[in-house]
Amino acid sequence: MGIFFNKIDSNKRSKYQTRLYSCFTVLIIINAINSWFLDWLWLYITTSSVLVILVVFLLKTPKRDLEKEWKQLEIEKDEAFENRVNLMMMNGRSDVQAIKYIRKEKNLGLLHAKQYLDRIKESKE
């Protein structure tokens, strides 16, 4: 059962995701028991259909959670660093170079670095 639960951090797992993973695990067990002992076609078709639907729901839920995390990330203000980025921009560096520098120095992803640069530009104006 640990195979299905290791994808998502337990602190961030919602009740909805927990139920989906539990149903997924139970259906796989039922499907295995059916294939080993019972061999009922109607049960195989039903459980397989529900498994496919669960897989679609499981693939969609992390996206929804990630979108919430992107919005919630707040980067702390660092005046000295922002001044260095402003100096880079004033010396004719492009946005791409500034974003690469921010990603390297702050260890941020591309989207977060772009948001950080946008915030620096807004505060400059």
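Residues numbered from 1 in each chain as written. Predicted model: local features only at pLDDT ≥ 70, side-chain atom pairs only at ≥ 80, totals over all residues. Heavy atoms only, no water.

**Here's the deal with helix α5 (residues 95-106)**
The α-helix advances 3.6 residues per turn, and as a result positions three or four apart in sequence lie on the same side.
At step 1: Taking 1.5 Å per residue, 12 residues should reach 16 Å; α5 reaches 16 Å between its end C-alpha atoms and fits that length.
At step 2: All of the buried residues in α5 are Ala98, Ile99 and Ile102. Along the long axis of α5, the arc covered by the buried residues comes to 100°, so they all point the same way. Within α5, the exposed residues directed more than 90 degrees away from the buried face are Val96, Lys100 and Lys104.
At step 3: Elements that come into contact with the buried residues of α5 comprise α4 (79-90) and α6 (110-124).
At step 4: With its phi angle positive at about 55°, Asn107 sits one or two positions after the end of α5. (Helix = DSSP H or I, 4+ residues; strand = E, 2+ residues; numbered from the N terminus. Expected span 1.5 Å × (residues − 1). Buried < 20%, exposed > 50% of the residue type's maximum accessible area, 1.4 Å probe, protein only. Arc of directions from axis to C-beta. Contact = heavy atoms within 4.5 Å.)

**Some thoughts on helix α2 (residues 15-38)**
At step 1: Taking 1.5 Å of rise per residue, 24 residues should cover 34 Å, and α2 covers 32 Å from first to last C-alpha, within 8% of that figure.
At step 2: All of the buried residues in α2 are Gln17, Leu20, Tyr21, Phe24, Thr25, Leu27, Asn31 and Asn34.
At step 3: Just downstream of α2 lies Asp39, where phi reads positive at about 60°.

**Structural notes on the confidence of the model for the protein chain**
At step 1: Confidence along the protein chain averages 80 in pLDDT terms, with 78% of residues attaining 70 or more.
At step 2: Highest mean pLDDT in the protein chain belongs to α5 (90); lowest belongs to helix α1 (residues 2-5) (47).
At step 3: Confidence drops under pLDDT 50 across residues 1-6; counting only partners more than four residues distant or on other chains, this segment forms 10 contacts. (pLDDT = per-residue confidence, 0-100.)

**A closer look at the packing of aromatic side chains**
At step 1: Scanning all chains against the criterion turns up 3 aromatic pairs.
At step 2: Between Trp40 and Trp42, the aromatic rings sit 5.9 Å apart at their centres with planes inclined by 15°, giving stacked as the arrangement.
At step 3: Ring geometry for Phe81 and Tyr116: centres 5.8 Å apart, planes at 50°, overall tilted. You can see Phe81 sitting in helix α4 and its partner Tyr116 sitting in helix α6, a full 35 residues away along the chain. Neither Phe81 nor Tyr116 differs from the other in exposure class; each is buried.
At step 4: Members of the aromatic cluster, joined through ring pairs, are Phe81, Tyr101 and Tyr116.
At step 5: The ring of Phe81 carries Lys106 above its face, with NZ or CZ at 5.0 Å from the centroid. (Phe/Tyr/Trp six-rings, centres within 6.5 Å; stacked < 30°, edge-to-face > 60°. Lys NZ or Arg CZ within 6 Å of the ring centre and 35° of its normal.)

**With respect to the pattern of salt bridges**
At step 1: Counting across every chain of the model gives 4 salt bridges.
At step 2: For Lys106, the salt bridge is made with Asp78, and the minimal N-O distance between the two is 3.2 Å. In this pair, Lys106 sits in helix α5 while Asp78 sits in the loop between α3 (41-72) and α4, placing the two residues 28 residues apart along the sequence.
At step 3: Here Asp118 and Lys114 are joined by a salt bridge, their closest N and O atoms 2.8 Å apart. Residue Asp118 and its partner Lys114 are both found in helix α6; the two are separated by 4 residues, about one turn of the helix. (Salt bridge = Lys/Arg side-chain N within 4 Å of Asp/Glu carboxyl O.)

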